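Results of the structural survey
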Amino acid sequence: MKVIQHSVKTLQTALVSKCQDLAKLYSKYTKEERNLLEEGFQPGQPGSLFQPITVHSDSDWIPAHPEEPQDFESFYRDLFRKTPDASHSTIYIQTIGSFGEVGAQTDQYVEWLREYCQAFFYGLSVKFLPAVTVAETGCSFRVNSNSHNLQILTGDLLRFLGNRKPKDAFCIVGITMIDLYPKESWNFVFGQASLSMGMGVFSFARYDDNFYSRNYAGRLKKSLRPKQGDYSVFDGYYTPPITSTLLLRSCKTMTHEIGHMFGIKHCQWLNCVMQGSNHLEESDRRPLDFCPICLRKLQVAIGFKIAERYKALLHWIEEDQSQTARPEEASACQFTKPTEAFHTSGLWLQRCLNILEGKD
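Being a predicted model, the structure only gives us computed values, none of them experimental. (Residues numbered from 1 in each chain as written. Predicted model: local features only at pLDDT ≥ 70, side-chain atom pairs only at ≥ 80, totals over all residues. Heavy atoms only, no water.)

Side note on the overall build of the protein chain
Basically, it comes down to this: A run of H or I in DSSP counts as a helix once it spans at least four residues, and a run of E counts as a strand once it spans at least two, with each numbered from the N terminus. The globule rule is 2.2 Å times the number of residues to the power 0.38, and the radius of gyration it is compared with is taken over C-alpha atoms. Note on exposure labels: buried denotes an accessible area under 20% of the residue type's maximum, exposed denotes more than 50%, and partly exposed covers the range between, all computed with a 1.4 Å probe on protein chains only. Contacts between residues were defined by any pair of non-hydrogen atoms, one from each residue, lying within 4.5 Å. Each accessible area value is a Shrake-Rupley result obtained with a 1.4 Å probe; residue values ignore everything except the protein chains displayed when judging cover. Two residue types count as positive, namely Lys and Arg, and two as negative, namely Asp and Glu; His and chain ends fall outside the count. Lys charges are placed at NZ, Arg charges at CZ, Asp charges at CG and Glu charges at CD.
The secondary structure content of the protein chain amounts to 14 helices and 10 strands. For the protein chain, the C-alpha radius of gyration of 21 Å lies close to 21 Å, the compact-globule estimate for 360 residues. C-alpha extents for the protein chain along the principal axes are approximately 65 × 55 × 40 Å. Across the 360 residues that make up the protein chain, the buried fraction comes to 52%. The contacts in the protein chain between residues at least 6 apart in sequence include a share of 73% that link residues at least 24 apart. When the accessible surface of the protein chain is summed, it comes to about 17000 Å², and 50% of that surface belongs to carbon and sulfur atoms. Counting 39 positive and 40 negative side-chain charges, the protein chain places the averaged centre of each group 5 Å from the other.

Set out below in structure tokens:
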């Protein structure tokens with residue numbers, strides 16, 4: 001295992017910048033906000049809020065995909081990055097295909113995703129577009145020759161999303177429980193985006209703990225060879241059970257991909273939700289939230305108060321749907337949000353708030 005350690009000076013330059021105008025902009029943060037952001041200068045120290053990146057093998061993202069690190073200055077000066085404005089301030093989410101048996105729990109799951117996304121990108125509105133079936137997208141599909149599960153073509157889905165993108169959208173993202181592939185020569189892809197068009201699509205199919213086992217319920221019989229255009233093969237197709245781990249992984253992937261829509265590139269500074277990942281084990285090592293450098297990027301793009309954003313995220317984790325629902329809504333909100341996997345993140349958020357509120 002390799003630990004990527006940056007010097008305090010390097011991290012300080014990445015966060016603040018040597019340019020006078022950006023350093024002046026940084027000085028507008030409160031003393032408490034600066035204290036929080038500068039926690040990142042000593043990653044990995046006892047009690048530190050932030051940790052250095054660890055590379056466990058050559059198959060991890062950083063050795064497999066060499067990239068130029070993006071500091072705050074290069075993000076801020078990027079002429080091509082997109083910033084929300086009064087006319088484009090809504091993130092739209094398009095569900096594609098089934099997310100489980102039709103009913104309250106499935107509806108609640110996608111609503112939990114929307115609420116988390118709205119807390120994460122605090123200050124923007126997050127809305128669902130009406131759900132669509134795979135057939136309605138008109139996309140190509142195949143049966144993967146190795147894993148024998150159904151897959152749908154990302155390029156076709158992106159074209160479909162482009163035609164449905166509302167005029168007030170900052171971006172539109174498609175989410176699905178069906179596996180994806182970008183072209184015939186590829187085995188699969190977790191997701192694909194067009195940053196210039198402000199749209200992306202990603203799948204949660206491989207976040208099922210049993211996906212890579214021979215007993216995976218989504219494996220089709222080898223003799224099944226569906227014809228293009230015959231979407232009946234998707235009727236009743238397997239979707240992963242809704243668990244706390246699936247919800248955690250879904251929230252992490254969704255916010256990572258939408259983060260790219262703001263022009264935030266893969267993080268190479270500290271352990272961060274914006275780190276790239278080549279496989280599920282690496283994705284699971286990423287934290288749920290930003291490092292200070294990526295947090296500053298998003299804060300400048302949206303303009304939220306850092307403490308208010310953390311409060312919204314902590315509220316999402318701690319909120320008990322069964323307690324908050326009014327009696328007349330109890331039958332529709334009978335499922336408690338499975339946030340067991342979010343426990344460590346909740347404690348981390350509270351520590352951040354203690355610093356921001358001058359308690360630490």
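A short note on the packing of helix α1 (residues 8-15) against helix α11 (residues 292-302)
Packed helices, taken two at a time, are described by the angle their axes make and the gap between the axes. Spelled out, the test is: Axes, fitted as lines to C-alpha atoms, cover a helix only where it is in contact. Angles between the N-to-C directions of the axes lie from 0 to 180 degrees. Should an angle fall under 35 degrees it is called roughly parallel, over 145 degrees roughly antiparallel, and 65 to 115 degrees roughly perpendicular, with every other angle called oblique. All residues other than Ala, Val, Leu, Ile, Met, Phe, Trp, Tyr, Cys, Pro, Asp, Glu, Lys and Arg, Gly among them, are scored as polar; the first ten of these are nonpolar and the last four charged.
At a closest axis distance of 9 Å, the pairing of α1 and α11 adopts a crossing angle of 10 degrees. Our classification of the angle between α1 and α11 gives roughly parallel. Contact residues: Leu11, Ala14 and Leu15 in α1; Pro292, Ile293 and Arg296 in α11. Among the residues making up the contact of α1 with α11, the classes are represented as 5 nonpolar, no polar and 1 charged.

Details of the packing of aromatic side chains
Short version of the rule: Side-chain rings of Phe, Tyr and Trp (the six-membered ring for Trp) are treated as a pair once their centres are within 6.5 Å; stacked means planes under 30 degrees apart, edge-to-face means over 60, and tilted covers the remaining angles.
Here the structure, examined in full by the defined rule, presents 24 aromatic pairs. Summarising the aromatic geometry, the rings of Tyr26 and Tyr29 are spaced 5.6 Å apart at their centres and angled 75 degrees between planes, so their arrangement reads as edge-to-face. When its relative accessible area of 5% is taken as the criterion, Tyr26 is described as buried. Relative to Phe262, the ring of Phe121 lies with its centre 5.5 Å away and its plane at 10 degrees, an arrangement referred to as stacked. Residue Phe121 is located in the loop between α6 (104-120) and β4 (125-128), and its partner Phe262 is located in the loop between α9 (244-261) and α10 (280-285); the two are separated by 141 residues in the primary sequence. Since its relative accessible area comes to 0%, Phe121 is described here as buried. Connected via pairs of aromatic rings, a cluster forms that spans Tyr116, Phe120, Phe121, Phe170, Phe262, Phe290, Trp316 and Phe342.

Regarding the pattern of salt bridges
Test applied: Every case where a carboxyl oxygen of Asp or Glu lies within 4 Å of a side-chain nitrogen of Lys or Arg is listed as a salt bridge.
Under the definition given, this model contains 14 salt bridges. For Arg249, the salt bridge is made with Asp284, and the minimal N-O distance between the two is 2.9 Å. Remark: Asp284 occurs in helix α10 and Arg249 occurs in helix α9; sequence separation between them is 35 residues. Of the residues examined, Arg249 reaches a relative accessible area of 9% and is grouped as buried. Look at the salt bridges and you will find they share partners, linking Glu308, Lys311, Glu357 and Lys359 into a network.

Overview of unusual backbone geometry
Phi angles above zero are rare outside glycine, and Ser17 is one such case at about 90 degrees. For Ser17, a relative accessible area of 7% corresponds to the buried category.

Some remarks on the nonpolar core
Rule in force here: Put simply, a nonpolar core is a bunch of buried Ala, Val, Leu, Ile, Met, Phe, Trp, Tyr and Cys residues held in one set by side-chain atoms that sit within 4.5 Å of each other. Delimitation of the domains relies on an automatic or database domain assignment.
Core analysis: the largest hydrophobic core is formed by 78 residues, its most contacted members being Tyr109, Phe204, Ile258, Phe262, Phe290 and Tyr310. Lining this core are residues from two domains, each supplying at least three of them: domain 1 (2-81 + 263-322 + 333-357) and domain 2 (90-256). Here Ile258 is in contact with Ile91, Cys117, Phe121, Cys171 and Val173, once residues within four sequence places are set aside. Membership of the second largest hydrophobic core comes to 25 residues, among which are Leu161, Ile178, Leu180 and Leu220.

Details of the confidence of the model for the protein chain
The following threshold applies: Values of pLDDT, ranging from 0 to 100, describe the predictor's confidence in every residue of the model.
Residues at a pLDDT of 70 or more form 94% of the protein chain, whose mean pLDDT is 91. Scored below 50 in pLDDT, residues 321-332 shows 12 contacts in the model against residues more than four places distant or in partner chains.

Description of the sheet that holds strand β9 (residues 191-194)
Pairing between the strands of a sheet is mediated by backbone hydrogen bonds and can be parallel or antiparallel. For clarity, the cut-off: Two strands make a pair as long as DSSP finds a minimum of two bridges between them.
The strand order across the open sheet built from 5 strands is β4-β3-β7-β10-β9, with neighbouring strands paired in mixed fashion. Two strands bound the open sheet, and with one partner strand each, they are β4 and β9. On average, each strand axis in the sheet is inclined to that of its neighbour by 15 degrees, with strand direction left out of account. Relative to strand β10 (residues 199-203), β9 is paired through 4 bridges, and the arrangement is antiparallel. The residue of β10 that forms the bridge with Gln192 is Val201. Where helix α8 (residues 154-164) meets the sheet, it contacts β3 (90-96), β7 (169-176), β9 and β10, and its direction lies at approximately 135 degrees from that of β10.

Here we look at the sheet that holds strand β5 (residues 141-143)
Taken in spatial order, the 3 strands of this open sheet run β5-β6-β8, and their pairing is mixed. The open sheet has two free edges, formed respectively by β5 and β8 (179-181), since each of these has just one partner strand. In this sheet, adjacent strand axes meet at a mean angle of 40 degrees when their direction is disregarded. Sheet topology note: the strand β6 (residues 150-153)/β8 ladder contains 3 bridges and is parallel.

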